[in-house]
Amino acid sequence: GGELAFENVIFGYDPDRQILNGLSLRVPPGKTLAVVGPSGAGKSTIARLLYRFYDVTGGRITIDGQDLRDVTQSSLRAQIGIVPQDTVLFNDSIGYNIGYGREGASQAEIEDAARGAQIHNFIAAQPKQYETQVGERGLKLSGGEKQRVAIARTLLKNPPILILDEATSALDSRTEAEILDTLDEVSKARTTIVIAHRLSTVVDADEIVVLDAGRVAEQGTHAELLAKN
Ligand code: ADP
Ligand code: ADP
């Protein structure tokens with residue numbers, strides 16, 4: 001499962017200003033669609049609509065053919081995982097931050113998720129450092145390390161649908177490359193929407209959509225888009 005579709009979606013935050021103007025997208029199960037485009041094009045709005053922070057004003061969004069408005073909030077949260085651009089952590093342990101909201105998770109599952117996000121390779125190799133407090137008076141995590149905590153959170157949740165909302169945009173290019181490697185693994189068997197502002201970070205996407213003023217301006221593989229421009 002996990003097929004996603006936007007069908008002629010119309011949406012504006014204010015009634016007199018449309019942000020998405022009849023947007024249609026389809027992501028087959030397990031595939032990756034990248035959405036790129038200039039700032040203000042409506043990319044993050046796509047993520048907010050998928051999570052139902054807002055509802056569409058026209059058209060519809062479906063998961064496995066079911067209208068999003070007919071999916072319960074708890075089912076939606078179980079099906080969709082988001083790695084945002086900036087991850088805000090609690091002043092608590094890395095383990096707590098990974099497991100937050102998943103009270104049923106065991107320590108072993110949390111450690112597995114931490115390994116999947118390769119946290120141990122990057123955070124100084126003290127034993128059980130994920131039990132150490134992070135934040136102002138504890139361990140200071142870099143932007144990339146924080147993103148790894150967000151990735152571990154997603155791995156623990158194991159959602160069939162993944163949204164990477166500018167997940168590496170705030171990182172320096174070397175850290176970005178490292179995190180992209182990990183995200184490649186994480187997105188492999190999931191239906192994924194990657195929101196990015198640079199084409200160079202979405203080379204491996206099955207399909208890329210260039211969004212402009214809430215519409216698909218161009219669509220194709222990385223190679224096809226390079227050949228056109
Ligand atoms: P992108 O992610 O492509 O940079 P966004 O989807 O964040 O673009 O925003 C698209 C447009 O919607 C922008 O013009 C932005 O100013 C506007 N916008 C975003 N969030 C809100 C909001 N909560 N209320 C009103 N306008 C918003
Ligand atoms: P879980 O069910 O795994 O606990 P949540 O529903 O709590 O997942 O969502 C994970 C986090 O991502 C929450 O803190 C939520 O506010 C945040 N989030 C959800 N959508 C977005 C988004 N579009 N951009 C940034 N953060 C988001």
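Here, the structure is the one placed above.
Small disclaimer: the values here were computed from a predicted structure and weren't measured.

Colleague: Describe the packing of aromatic side chains, and please don't skip the residues or the numbers.
Modeller: Applying the stated criterion across every chain, the model contains seven aromatic pairs. Here the aromatic rings of Phe-90 and Tyr-96 are separated by 5.8 Å at their centres, their planes lie at 80°, and the arrangement is edge-to-face. Judged by its relative accessible area of 38%, Tyr-96 falls in the partly exposed class. The interplanar angle of 50° and the centroid separation of 6.1 Å between the aromatic rings of Tyr-96 and Tyr-100 together place this pair among those described as tilted. Tyr-100 gets classed as partly exposed once you look at its relative accessible area, which sits at 43%. The rings of Phe-11, Tyr-13 and Tyr-54 are connected pair by pair, giving a single aromatic cluster.

Colleague: With reference to specific residues and values, describe the sheet that holds strand β5 (residues 66-67).
Modeller: Strand order in the open sheet formed by four strands is β2-β1-β4-β5, with antiparallel pairing between adjacent strands. Pairing within the sheet leaves two strands with one partner each, and these edge strands are β2 (20-27) and β5. Here strand β1 (residues 4-11) runs beside β2; their pairing, made up of six bridges, is antiparallel. Note that in β2 the partner of Ala-5 across the bridge is Arg-26. Against the sheet, helix α1 (residues 43-50) engages β1, β2 and β4 (58-63), with an angle of about 110° to β1.

Colleague: Explain the site of ligand 1 residue by residue, including any values.
Modeller: Taken together, 13 residues lie near ligand 1, and Arg-17, Gly-40, Lys-43, Ser-44 and Thr-45 sit nearest. Between Gly-42 and ligand 1, the recorded distance is 3.0 Å, taken from a backbone N or O atom to an oxygen atom. Alone, ligand 1 offers 560 Å² of accessible surface; in the complex the protein occludes 67% of this. Taken together, the residues of the shell around ligand 1 sort by class into five nonpolar, five polar and three charged.

Colleague: Go over the sheet that holds strand β9 (residues 207-212) with me, naming the residues and quoting the values.
Modeller: Pairing within the open sheet is mixed, and its six strands lie in the order β6-β7-β8-β3-β9-β10. The open sheet is flanked by β6 (80-83) and β10 (215-220), the only strands paired with a single partner. Ignoring which end each strand starts from, the neighbouring axes of this sheet average 20° apart. Pairing of strand β3 (residues 32-36) with strand β8 (residues 191-195), which is carried by four bridges, proceeds in the parallel orientation. Paired with Ala-34 across the strands is Val-194, a residue of β8. Lying on the sheet, α1 is in contact with β3, β6, β7 (161-165), β8 and β9; it crosses β8 at an angle near 145°. Packing against the sheet, helix α6 (residues 143-157) makes contact with β6 and β7, and its axis sits at approximately 175° to β6.

Colleague: Describe the site of ligand 2, with residues and values.
Modeller: Neighbouring ligand 2 are the residues Tyr-51, Phe-53, Arg-77, Ile-82, Pro-84, Arg-102 and Lys-157. Within the side chain of Arg-77, an N or O atom sits 2.4 Å from an oxygen atom of ligand 2. Within the side chain of Lys-157, one N or O atom sits 3.2 Å away from an oxygen atom of ligand 2. Coverage of ligand 2 by the protein amounts to 63% of the 560 Å² it exposes when considered alone. With respect to the pocket detection grid, ligand 2 is positioned in the largest pocket.

Colleague: Talk me through α6; I want residue IDs and the actual numbers.
Modeller: For α6, built from 15 residues, the straight-helix expectation of 21 Å at 1.5 Å per residue is met to within 8% by its first-to-last C-alpha distance of 21 Å. Within α6, eleven of the 15 residues are buried, which leaves the element mostly enclosed by the surrounding structure. Of the residues trailing α6, Asn-158 is marked for its positive phi of about 55°.

Calculation rules
- Residues numbered from 1 in each chain as written.
- Chains lettered and ligands numbered in written order.
- Predicted model: local features only at pLDDT ≥ 70, side-chain atom pairs only at ≥ 80, totals over all residues.
- Heavy atoms only, no water.
- Phe/Tyr/Trp six-rings, centres within 6.5 Å; stacked < 30°, edge-to-face > 60°.
- Buried < 20%, exposed > 50% of the residue type's maximum accessible area, 1.4 Å probe, protein only.
- Pairing = 2+ DSSP bridges.
- Helix = DSSP H or I, 4+ residues; strand = E, 2+ residues; numbered from the N terminus.
- Contact = heavy atoms within 4.5 Å.
- Axes fitted to C-alpha atoms, helices over the stretch in contact; angles between N-to-C directions.
- Near = heavy atom within 4 Å.
- Polar contact = N/O pair within 3.5 Å; in protein donor to acceptor, adjacent residues only side chain to side chain.
- Areas by Shrake-Rupley, 256 points an atom, 1.4 Å probe, with all protein chains shown as cover.
- Nonpolar A, V, L, I, M, F, W, Y, C, P; charged D, E, K, R; others polar.
- 1 Å grid on protein atoms, 1.4 Å probe; cavity = no way out; pocket = protein on both sides within 12 Å on 5 of 7 lines; lining within 4 Å.
- Sits in = over half its atoms within 2 Å of the grid points.
- Expected span 1.5 Å × (residues − 1).

Remember that the coordinates give geometry; whether it matters functionally is a separate question.
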